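Okay, here's what each chain looks like letter by letter:
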Amino acid sequence: MVTKDSTKRLKIWASILEDGTRRQAEVSASMPFIHPHLALMPDAHLGKGATVGSVIPTLGAIMPAAVGVDIGCGMMALRLDVGRGDVDGLDRRALRVAIEGEVPVSAGGYNRSEWGPGTAERIAALEGLAVQRGLDPTSYAANWRLQLGSLGSGNHFIEVSADESDRLWLFLHSGSRGVGNKIAMHHIAVAQEQCARRWITLPDKDLAYLVEGEPEFDAYVAELGWAQEFARLNREEMMSRVLACFTDWTGRDVVVEREVQCHHNYTERERHFGKEVWLSRKGAISAREGQWGLIPGSMGTRSYVVTGRGDPVALQSAPHGAGRTHSRSAARRRFTGDDLRAAMGDIEYRDTDAFVDEIPAAYKDIDQVMADAADLVRVEHVLTQLVNVKGD
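As the structure is a computational prediction, the values presented were derived from the model and not from experiment. For every chain, the first residue of the written sequence is number 1, and numbering continues from 1 onward in sequence order. In keeping with the model being predicted, local features are shown solely for residues with a pLDDT of at least 70 and side-chain atom pairs are shown and tallied solely at 80 or more, while totals for entire chains, interfaces and linings include all residues. Hydrogens and waters are ignored; side-chain quantities use all the structure's heavy atoms.

Asker: Help me out: how do you make sense of the sheet that holds strand β13 (residues 292-295) in this one?
Answerer: Picture the strands of a sheet paired through backbone hydrogen bonds; they go either parallel or antiparallel. Strands sit in the order β9-β5-β7-β6-β16-β14-β13 across an open sheet of seven strands; the sheet is antiparallel. Strand pairing shows two members of the sheet lacking a second neighbour, β9 (256-263) and β13, which therefore form its edges. Strand-to-strand twist of the sheet, defined as the mean angle between neighbouring strand axes without regard to direction, takes the value 30°. Here helix α3 (residues 92-102) sits on the sheet and contacts β6 (157-162) and β16 (377-390); the angle it forms with β16, its principal contact strand, is near 85°. Of the strands in this sheet, β5 (74-83), β6, β7 (167-174) and β9 are in contact with helix α7 (residues 215-250), which crosses β7 at around 140°. If DSSP finds at least two bridges between two strands, the strands pair. Only DSSP runs of H or I with at least four residues qualify as helices, and only runs of E with at least two residues qualify as strands; both kinds are numbered from the N terminus onward. Working convention: axes come from line fits to C-alpha atoms, limited for helices to the stretch in contact. Angles between N-to-C directions cover 0 to 180 degrees. Here, residues are in contact when the closest pair of their heavy atoms is within 4.5 Å.

Set out below in structure tokens:
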């Protein structure tokens, strides 16, 4: 439920909230075009300009940094007709290594060629959308086609998990990769230039905004939409490869029983409290009544498959994950590779100290986040990790 610390301009669902995070959210909520309030999700933590875990409705303007620099970042999951008992005797390491061989992982890790089931069709769709929106993606990244189907690093992951009925799921997290980041950074700079040119005093330069009706705004919305679609198809491309690896590993035909996909860094046009707004979810998912969504825990913990409750005060939104409590540098100072190995238990993962900053203790307790989100979503499935793939 909304916490007692909420105000007219800022509604808070986080029971664990650092003072600096709250102050940052209050500054964002003070921008004059917010309507009617900013909703702060249970997993909120400090971000660039706007707080990660913010749902930001705006009238006549968009703050590019409040959308995020990984445009369209989000989740995809498949529930399979395979039970945990069907794979208990198989070598999980072999599956992990196979996935790492098919999906480029790590920052700057891209494909060597355009390949994979459906790759050409996805690239063609993105080329057509670019023409439609007047965008030349090669002006941002000449190799954008080779980025399609790549994971990235940080908190991006691919997992094989089992639900409460021991049914297996394939689960992954990624966004629009380098091309999306370049688009975001370009338009953040444009917004800052626009505000400076108008002598607009901002409480934070990363809250610079573009004004609806102006060409800079139209260019951003066009390119934002393309990057969001790139992110969706990037996840689809990766998942097709992961499913092929899983099928080969099991040696049997695999049926997909449910597919769920959702962005959690994006903007779209929605109607809230009687007005059409630009709704930016920066680290939040859409949670309309009955809408399926995904809320992952941190590396080694549980994840949740949910349906929305459509809470109007929360702007029909929900958290996107656990949310950091320690920065990456702080986590590296505080925790060790041995700590990570203890936290991972018997989960199959690439054992390296490069992942120490992703240790579960560097994040909020996902179960507390879900308790805070009880009015926002219904839990449909709880997933426990068996295999974890990450890039360093």
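Asker: Sorry, what's going on with the packing of helix α4 (residues 119-133) against α7 here?
Answerer: Helix-helix packing: each pair is described by the crossing angle between the helix axes and the interaxial distance. In the contact formed by α4 and α7, the axes pass within 10 Å of each other and the chain directions differ by 175°. The pairing of α4 with α7 is recorded here as roughly antiparallel in orientation. In this structure, α4 uses Thr119, Arg122, Ala125, Leu126, Leu129, Ala130 and Arg133 to contact α7, whose residues at the interface are Val221, Ala222, Gly225, Trp226, Glu229, Phe230, Leu233, Glu236, Glu237, Ser240 and Arg241. The classification used treats Ala, Val, Leu, Ile, Met, Phe, Trp, Tyr, Cys and Pro as nonpolar, Asp, Glu, Lys and Arg as charged, and all other residues, Gly among them, as polar. When its residues are assigned to classes, the contact of α4 with α7 shows nine nonpolar, three polar and six charged. To sort the angles, those under 35 degrees are grouped as roughly parallel, those over 145 as roughly antiparallel, those from 65 to 115 as roughly perpendicular, and the leftovers as oblique.

Asker: Just to check I follow, could you spell out the nonpolar core for this structure?
Answerer: The nonpolar side chains of a soluble globular protein tend to be buried with one another. Ranked by size, the top nonpolar core spans 46 residues in total, and within it Met63, Trp144, Val179 and Trp226 carry the most contacts. Elements that contribute at least two residues to this core include exactly β1 (10-12), α1 (19-29), β2 (38-45), β4 (61-62), α2 (64-67), α4, α6 (177-197) and α7. The element contributing the most residues to this core is α7, with seven residues. Residues in contact with Met63, not counting those within four places in the same chain, are Met31, Phe33, Ile34, Ile56, Leu207, Ala208 and Tyr209. Residues grouped as a nonpolar core are buried Ala, Val, Leu, Ile, Met, Phe, Trp, Tyr and Cys residues, joined through side-chain atoms within 4.5 Å. Exposure classes here rest on a 1.4 Å probe applied to the protein chains alone. A residue is buried below 20% of its type maximum, exposed above 50%, and partly exposed in between. Counting residues in each nonpolar core, the second largest holds 44 residues, with Trp169, Phe171, Cys262 and Val277 among its members.

Asker: I tried to follow α4 on my own but got confused; where do I start?
Answerer: Each α-helix turn comprises 3.6 residues. Residues three or four places apart therefore point the same way. Counted at 1.5 Å a residue, the expected span for α4 with its 15 residues is 21 Å, and the 21 Å between its end C-alpha atoms agrees. Looking at α4, one finds that the buried residues are Thr119, Arg122, Ile123, Leu126, Leu129 and Ala130. The arc enclosing the buried residues of α4, seen along the axis, measures out at 125°, which places them on a common side. Away from its buried face, by an angle of more than 90 degrees, α4 presents the exposed residues Ala120, Glu121, Val131 and Gln132. Buried residues belonging to α4 abut α5 (144-147) and α7. In this scheme, a helix's expected span is set at 1.5 Å multiplied by one less than its residue total. Read the arc as the range of directions from the helix axis to the C-beta atoms.

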